[in-house]
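Each chain, letter by letter, is given below.
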Amino acid sequence: MSQSDALLFLKALKEDGMEHLYIPDKSVQTVALPEKNKSGKANVANKPETSIEKDSVRTEMLKLHKQVMSCTQCPILVKNCTKVVFGSGNIHAKIVFVGEAPGADEDIQGLPFVGRAGQLLTKIIEAMGFKRDEVFICNVLKCRPPNNRPPAPDEVVNCRPYLKRQLELIKPKVVVALGNHAVHALLQTEQGISSLRGTFQEYEGIPVMCTYHPAYLLRSPGEKRKVWDDMKKVMKRLEEAPE
Ligand code: URA
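Residues numbered from 1 in each chain as written. Predicted model: local features only at pLDDT ≥ 70, side-chain atom pairs only at ≥ 80, totals over all residues. Heavy atoms only, no water.

Looking now at the side chain of glutamate 134. On the secondary structure map, glutamate 134 appears in the loop between helix 5 (116-127) and strand 3 (136-139). Buried and unpaired, glutamate 134 has no salt bridge, with lysine 131 as the nearest side chain of opposite charge at 4.6 Å. Among the polar contacts made by the side chain of glutamate 134, one reaches the main-chain amide nitrogen of lysine 131 at a distance of 2.8 Å. (Helix = DSSP H or I, 4+ residues; strand = E, 2+ residues; numbered from the N terminus. Buried < 20%, exposed > 50% of the residue type's maximum accessible area, 1.4 Å probe, protein only. Lys, Arg positive; Asp, Glu negative; His and termini not counted. Salt bridge = Lys/Arg side-chain N within 4 Å of Asp/Glu carboxyl O. Polar contact = N/O pair within 3.5 Å; in protein donor to acceptor, adjacent residues only side chain to side chain.)

A few words on the site of the ligand. Taken together, Gly99, Glu100, Ala101, Glu106, Pro112, Phe113, Asn139 and His213 are the residues near the ligand. Residue alanine 101 places a main-chain N or O atom 3.0 Å away from a nitrogen atom belonging to the ligand. Here a nitrogen atom of the ligand and a side-chain polar atom of asparagine 139 are 2.8 Å apart. For the shell around the ligand, the residue count by class is 3 nonpolar, 3 polar and 2 charged. (Near = heavy atom within 4 Å. Nonpolar A, V, L, I, M, F, W, Y, C, P; charged D, E, K, R; others polar.)

With that settled, the discussion passes to the nonpolar core. Counting 62 residues, the largest nonpolar core has Ile95, Phe97, Val98, Met128, Leu186, Met231 and Val234 as its most contacted members. Looking at this core, the element that brings in the most residues is helix 6 (residues 153-170), giving 7 residues. For valine 98, the contacting residues outside a window of four places in its chain are Cys138, Asn139, Val140, Leu163, Val175, Val176, Ala177, Leu178, Ala182 and Leu186. (Core = buried A, V, L, I, M, F, W, Y, C linked by side-chain atoms within 4.5 Å. Contact = heavy atoms within 4.5 Å.)

For helix 10 (residues 224-240), built from 17 residues, the straight-helix expectation of 24 Å at 1.5 Å per residue is met to within 8% by its first-to-last C-alpha distance of 25 Å. Considered for burial, the residues of helix 10 that qualify are Lys224, Val227, Trp228, Asp230, Met231, Val234, Met235 and Leu238. One face of helix 10 carries all of its buried residues, which in axial projection span an arc of 160 degrees. Along helix 10, the residues that are exposed and aim more than 90 degrees away from the buried face are Glu239 and Glu240. Those residues of helix 10 that are buried lie in contact with strand 2 (95-99), helix 5, strand 4 (174-178), strand 5 (200-203), strand 6 (206-211) and helix 9 (214-219). (Expected span 1.5 Å × (residues − 1). Arc of directions from axis to C-beta.)

Picture the strands of a sheet paired through backbone hydrogen bonds; they go either parallel or antiparallel. Strand order in this open sheet of 6 strands is 1-3-2-4-6-5, and the pairing throughout is mixed. The open sheet is flanked by strand 1 (88-89) and strand 5, the only strands paired with a single partner. Relative to strand 3, strand 1 is paired through 2 bridges, and the arrangement is antiparallel. Paired with serine 88 across the bridge in strand 3 is isoleucine 137. Across the sheet, helix 10 touches strand 2, strand 4, strand 5 and strand 6, and the angle it forms with strand 6 is around 165 degrees. (Pairing = 2+ DSSP bridges. Axes fitted to C-alpha atoms, helices over the stretch in contact; angles between N-to-C directions.)

This is the structure in structure tokens:
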């Protein structure tokens, strides 16, 4: 997306009530810099350790990718889907967005959130000051349910370990759970999104912001302001998180 497109998105969001846009002076730092020691010299000892860690995250993520791509645990989903949608973005991201399941567009492209709801999610991410490829985006289910029906409980049970492993490897500072299904799968609660929206919950020690799904925002644009309030809390949490 060009810079002028991004500005147009920001303008559209402002017109939709998101007037307190956060425009950071630098984009998220995706490469760890060596810390300085007391003498002011760069502490080079951190550098190889960090890059080895990054290499091993990449290796493990590739293994997981292979496993997910060849998964056959949900015969109905495997039979009906076109492409498995593993997730996309930065595997060292500080923030991970988790949706429900791929829809028709995602199923064709093999990428998460590329349809209309995805375009709105991209606007939200950019309004937060990030590029889409600086964050990680994935779903509870990696295969599209037929006719976009909600994920069945056994499908969530089968697929949840993949999401768990993705989060274990990425180790984000914050997860954003988009909508009821993401909230239920991550938090294993029956509580609805309306009562949890705007609150931080916890998944395996990671703060989880519960918010509305962008598809819901397409149906109820008046609720966009609430999601923007939630994203402001996320940005504040990221700013406060230790490196
Ligand atoms: N809705 C989702 O929950 N995920 C997608 O990837 C697309 C639409």
